[in-house]
Amino acid sequence: MNENFDRTPGAGRARNLPADPGLMGPTGDGDTKTAIFNQREPLRQPRTSPPFAENNVSTVNDVAGGEFKRQSKPQQSANANSSSASKRCNEVDSIVKSSKLSASAPEFVPSGINSYEGDPTFYDDDYYGEPTLADMVTDFLDHLSSSPGSFESDIEYITGIINTLVTTEKLLVELVELIYTQSTAIPNFSYTGARLCNYLSHHLTISPPSGNFRQLLLKRCRIEFEQRDVAVRGDAETQKKLHSFVLFLGELYLNLEVKSGKGPPNRADILLSALNDLMNSLFNNPVDANLICALTGSVLDDAWKESGKPHMEELIQRIETILLDATCSRDVRQMLLKLVELRSSDWGRVRAAAAASNATPDNDPNYFMNEPTFYTEDGTPFTAADPEYAEKYQEILDRQDYFHDIYGENGNEVYDDSEDEMEPEIEEAFENFCLESERKRQQ
């Protein structure tokens, strides 16, 4: 083994590198080591030239003193570093002296971040908030508007929450205003809103001296009712609010129940006269939007007839006059014509038939008028007036029952009689019976 083998890690990597002749030291004999110095190149001068003297003139003294300047550069750099370090120390000392930070502070809060530890209202219940009455009622109404089918299943829970929130007269007035506003603002919510008002009028526990829920609701509707003559000739937005109110008031009349001491609950009759006045106000300005909002129907007609007031007759007459004089659109005119036609047919209702009399085939020639007419195989008609009607009618019924048993109720269920096969004697007797019946029928 070679005694000059160097066991130092990485030593062999530079062993065979070519050496610069000028950097190689003297070599000895076999047991002497080769000294190789891997020196780096001197640092390059910066590409930017140093600043020139005034007027960009270089003198001989500058050139001659160039060597001296190069030698004094490290010293100048050291002095500059020393002065900048001392300047920074002075700045730090001034910051420390003017700082309000303390080493004994319980915690460090960076600048720009507000601390709420000292503010007792930051952790107040109003910040985290229990939901307000307006938030809760708005959420309930939005839910009922998007899922009206859940009214029956959710109304009891909603009423319980409202009973816990509405504890003062002021909150009850706010509740009435919220429900009225949403019922007239949300499209197609007037029916559900009227049902909600009816349920709350019977199940809210609070009843202040100023009035219960139903009374406060009617007062709110009266405020809008008294502005009808101005609103009917207002701008488009004002007329739209009036139309929403009219529809809501109509639904309120149909759904709001007033309990009486005796008998079943009744409707709020006070709304009948209000609806009549609203219709007259709308017809006083017969534009399309007002005419479309006309409220009629069998319920109003019957209620006015029972009270002895001809309001429906007067409304129909006004509609007929509008059809002759007013310049409404074709679609609205067609709608009003259909309305007049429907009213003439008693709103499409079919009255119950009169009680059956003691008519007989002997004293009433029309006794068999409503009986069905059948036809034989050769096309001869026969009715209940024919002597053989009963026998033939029973034969048809038996035949229908026979086919019903074979094909089932829907006509596509084949009857499986494999388990009900007759014995040979019974089958022969049945065939003889059928032949005998056919012979008698032909006679």
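Here the structure is shown first, and the text comes after it.
Parameters at a glance
Residues numbered from 1 in each chain as written. Predicted model: local features only at pLDDT ≥ 70, side-chain atom pairs only at ≥ 80, totals over all residues. Heavy atoms only, no water. Helix = DSSP H or I, 4+ residues; strand = E, 2+ residues; numbered from the N terminus. Buried < 20%, exposed > 50% of the residue type's maximum accessible area, 1.4 Å probe, protein only. Contact = heavy atoms within 4.5 Å. Areas by Shrake-Rupley, 256 points an atom, 1.4 Å probe, with all protein chains shown as cover. Expected span 1.5 Å × (residues − 1). Core = buried A, V, L, I, M, F, W, Y, C linked by side-chain atoms within 4.5 Å. Phe/Tyr/Trp six-rings, centres within 6.5 Å; stacked < 30°, edge-to-face > 60°. Lys NZ or Arg CZ within 6 Å of the ring centre and 35° of its normal. Polar contact = N/O pair within 3.5 Å; in protein donor to acceptor, adjacent residues only side chain to side chain. Axes fitted to C-alpha atoms, helices over the stretch in contact; angles between N-to-C directions. Parallel < 35°, antiparallel > 145°, perpendicular 65-115°, else oblique. Nonpolar A, V, L, I, M, F, W, Y, C, P; charged D, E, K, R; others polar.

Peer 1: Which parts of the structure should I look at to understand the overall build of the protein chain?
Peer 2: When helices and strands are counted, the protein chain shows 17 helices and 4 strands. Counting the 443 residues in the protein chain, one finds 25% classified as buried. Summarising the internal contacts of the protein chain: among those between residues at least 6 apart in sequence, 58% fall at separations of at least 24. When the accessible surface of the protein chain is totalled, it reaches about 33300 Å², and 52% of it is carbon and sulfur.

Peer 1: Can you help me understand helix α10 (residues 236-255) in this one?
Peer 2: Each α-helix winds once per 3.6 residues, and so residues spaced three or four apart point in a common direction. The first and last C-alpha atoms of α10 sit 29 Å apart over 20 residues, in line with the 28 Å expected at 1.5 Å per residue. Looking at α10, one finds that the buried residues are Q239, L242, H243, S244, F245, V246, F248, L249, G250, L252, Y253 and N255.

Peer 1: Honestly, the nonpolar core in this entry has me stumped. Any pointers?
Peer 2: Ranked by internal contacts, the top residues of the largest apolar core, which has 68 residues, are L175, F213, L249 and L252. Examining the composition of this core, we find that 8 residues originate from one element, helix α11 (residues 270-284), more than from any other. Once residues lying within four places of it in the same chain are set aside, the contact partners of L175 are L133, V137, I162, V166, L204 and F213.

Peer 1: Which parts of the structure should I look at to understand the packing of aromatic side chains?
Peer 2: Within the structure shown, the criterion is met by 2 aromatic pairs. Summarising the aromatic geometry, the rings of Y180 and F248 are spaced 6.0 Å apart at their centres and angled 75° between planes, so their arrangement reads as edge-to-face. Here Y180 is found in helix α6 (residues 169-185), whereas its partner F248 is found in helix α10, with 68 residues between them in sequence. Grouped by ring-pair contacts, the aromatic residues Y180, F245 and F248 constitute a single cluster. The ring of F225 has R228 sitting right over it, with the charged end atom 4.1 Å from the ring centre. Lying across the ring of Y253, R267 places its NZ or CZ 5.6 Å from the centre.

Peer 1: What's the story with helix α8 (residues 213-225) in this structure? I'm lost.
Peer 2: In a regular helix each residue adds 1.5 Å, so 13 residues correspond to 18 Å; α8 covers 18 Å between its end C-alpha atoms and thus fits that length. Among the residues making up α8, those that are buried are F213, R214, L216, L217, R220, C221, E224 and F225. Turning to α8, the residues buried within the fold contact α6, α7 (190-203), α9 (228-231), α10, β1 (257-258) and α11.

Peer 1: Would you explain the side chain of H243 in this entry?
Peer 2: Examined against the element boundaries, H243 turns out to sit in helix α10. Overall, the relative accessible area of 13% leaves H243 in the buried class.

Peer 1: Even after reading the chapter, I still don't get the side chain of S281, so can you show me in this structure?
Peer 2: Along the polypeptide, S281 turns up in helix α11. For S281, a relative accessible area of 6% puts it in the buried group. Here the side chain of S281 touches R228 through a polar contact of 3.3 Å, side chain to side chain. Contacts of S281, omitting those with residues within four sequence positions, involve R228, D229 and V232.

Peer 1: Whenever I open this one, the packing of α11 against helix α14 (residues 311-325) confuses me. Can you help?
Peer 2: Pairs of packed helices are described in terms of their axes, by the angle between the two and the distance that separates them. In the contact formed by α11 and α14, the axes pass within 11 Å of each other and the chain directions differ by 10°. The pairing of α11 with α14 is recorded here as roughly parallel in orientation. Facing N276, M279, N280, F283 and N284 of α11, the residues of α14 in contact are H311, L315, R318, I319 and I322. When its residues are assigned to classes, the contact of α11 with α14 shows 5 nonpolar, 4 polar and 1 charged.

Spatial relationships are all this shows, so hold off on functional conclusions.
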